[in-house]
Amino acid sequence: MKVSIAQFDIWWENINENLKMIEKISLQAKSEGSKLVLFSEMTLSGFSMNAEKVHVTEFYIENFKKLSKEIAIGVGYAEKDKNHFYNTYSIFVKGEKKASYRKIHLFTHGGEDKHYEKGKQIITINVNGLKITPLICYDLRFPCVFQKAAAETDLFVIPASWPAKRREHWKSLLVARAIENQAYVAGINRIGRDPYFIYSGDSLIVDPWGKVVVDAKDKEGVFTVDIDIEKIKKIREKFPVLKDRISGIDL
């Protein structure tokens, strides 16, 4: 299955301009034969703590549903549920919101926990036979959530707003998570800058052996790879790391 990651400079707190970019890039990915295009964390606003201003209304959700009739998409946004806000990543497929993941590990170093609530559930969905588990940015530093989902996951999707000054951590951790869990890992970052940080991009897709098969570097655009589900099965059968993993006891 062909999967694309999309890297661009997000318009700060400008939902309408970012929606235009999402639509443009999605149709480009479709023209290149992709079945799924994945965007970065808080695609519609940038990593804003101004949740009341940038949270997404039903109007935009309907736009994503409509767009997903052309190509499945994964997009990040600030979500309001009653009186609470969440850093959310949703995957839309064939006109429906297939799944929504709320970020479990909030970035306390940046004050995210003061503006958003923690998610409580890991979500894994099936898109055209590909089992996908989305996590978000800071979650990448916590291997436990990956290990919990690994046996049922072909592709981990990690949308992020990862600053350039910690880019080596980003790249190293993406490779490590792929190797540990014998799964593809797609890390989707942004480029450009917001009022607080500079972003170097470095969006990657890493295969189950830890080989980087897509590296967007600092370029804007769509980057596509064919995810080989059979490759995952063969690696796990030949080298059964997941079966040998100790769980349920204290070491």
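Bear in mind the structure is a predicted one, so any value in this text is a computation, not a measurement.

Definitions and cut-offs
- All chains use their own residue numbering, which begins from 1 and follows the written sequence.
- In keeping with the predicted nature of the model, local features appear solely for residues at pLDDT of at least 70, side-chain atom pairs appear and are counted solely at 80 or more, and the whole-chain, interface and lining totals rest on all residues.
- As a rule here, side-chain values cover all heavy atoms of the structure and leave hydrogens and water aside.
- Note on pairing: two strands pair once DSSP finds at least 2 bridges between them.
- Secondary structure elements are taken from DSSP: a helix is a run of H or I of four residues or more, a strand is a run of E of two residues or more, and numbering for both begins at the N terminus.
- Structural elements are reduced to axes, namely lines fitted to C-alpha atoms, with helices fitted over the stretch in contact, and the angle between N-to-C directions of any two is expressed from 0 to 180 degrees.
- Contact criterion: two residues are considered in contact whenever any of their non-hydrogen atoms come within 4.5 Å of each other.
- Two rings from Phe, Tyr or Trp (for Trp, the six-membered ring) form a pair when their centres are within 6.5 Å of each other. A pair whose planes differ by under 30 degrees is stacked, one over 60 is edge-to-face, and the rest are tilted.
- Only protein chains enter the area calculation, which uses a 1.4 Å probe; residues under 20% of their type maximum are buried, those over 50% are exposed, and those in between are partly exposed.
- Note on criteria: charge over ring means Lys NZ or Arg CZ within 6 Å of the ring centre, with the direction from the centre no more than 35 degrees off the ring normal.

Undergrad: Just give me the short version of the sheet that holds strand β6 (residues 125-127), but keep the residues and values in it.
TA: Read across the sheet, six strands follow the order β6-β7-β8-β9-β12-β13 without closing on themselves; strand pairing throughout is mixed. Each having just a single partner strand, β6 and β13 (212-215) make up the two edges of the open sheet. Each strand axis lies, on average, 20 degrees off the axis of its neighbour in the sheet, ignoring direction. Across three bridges, strand β7 (residues 130-134) lies against strand β8 (residues 155-159) in parallel orientation. Bridge pairing in β8 places Pro134 opposite Val157. Strand contacts of helix α5 (residues 167-181): β8, β9 (184-188), β12 (204-206) and β13, with the helix running at about 160 degrees to β9, the strand carrying the most contacts.

Undergrad: Quick one: what's the story with the packing of aromatic side chains, residue by residue and with numbers?
TA: Evaluated as defined, the whole model comprises ten aromatic pairs. Ring geometry for Trp12 versus Tyr196: centroids 6.1 Å apart, planes at 70 degrees, classification edge-to-face. In this pair, Trp12 is assigned in the loop between β1 (2-7) and α1 (15-31) and Tyr196 in the loop between β10 (191-193) and β11 (198-200), connecting sequence segments 184 residues apart. The class for Trp12 is partly exposed, based on a relative accessible area of 27%. Residue Tyr196 is classed as exposed on the basis of its relative accessible area of 63%. On the basis of an interplanar angle of 85 degrees and a centroid distance of 5.0 Å, the ring pair of Phe59 and Tyr60 is categorised as edge-to-face. These aromatic residues form a ring-pair network of at least three members: Phe107, Tyr138 and Phe142. Across from the ring centre of Tyr86, 3.8 Å away, lies the NZ or CZ of Arg102, which sits over that ring. For the cation-ring pair, Arg177 lies above Phe146, with the distance from its terminal atom to the ring centre recorded as 5.8 Å.

These figures capture arrangement, not role.
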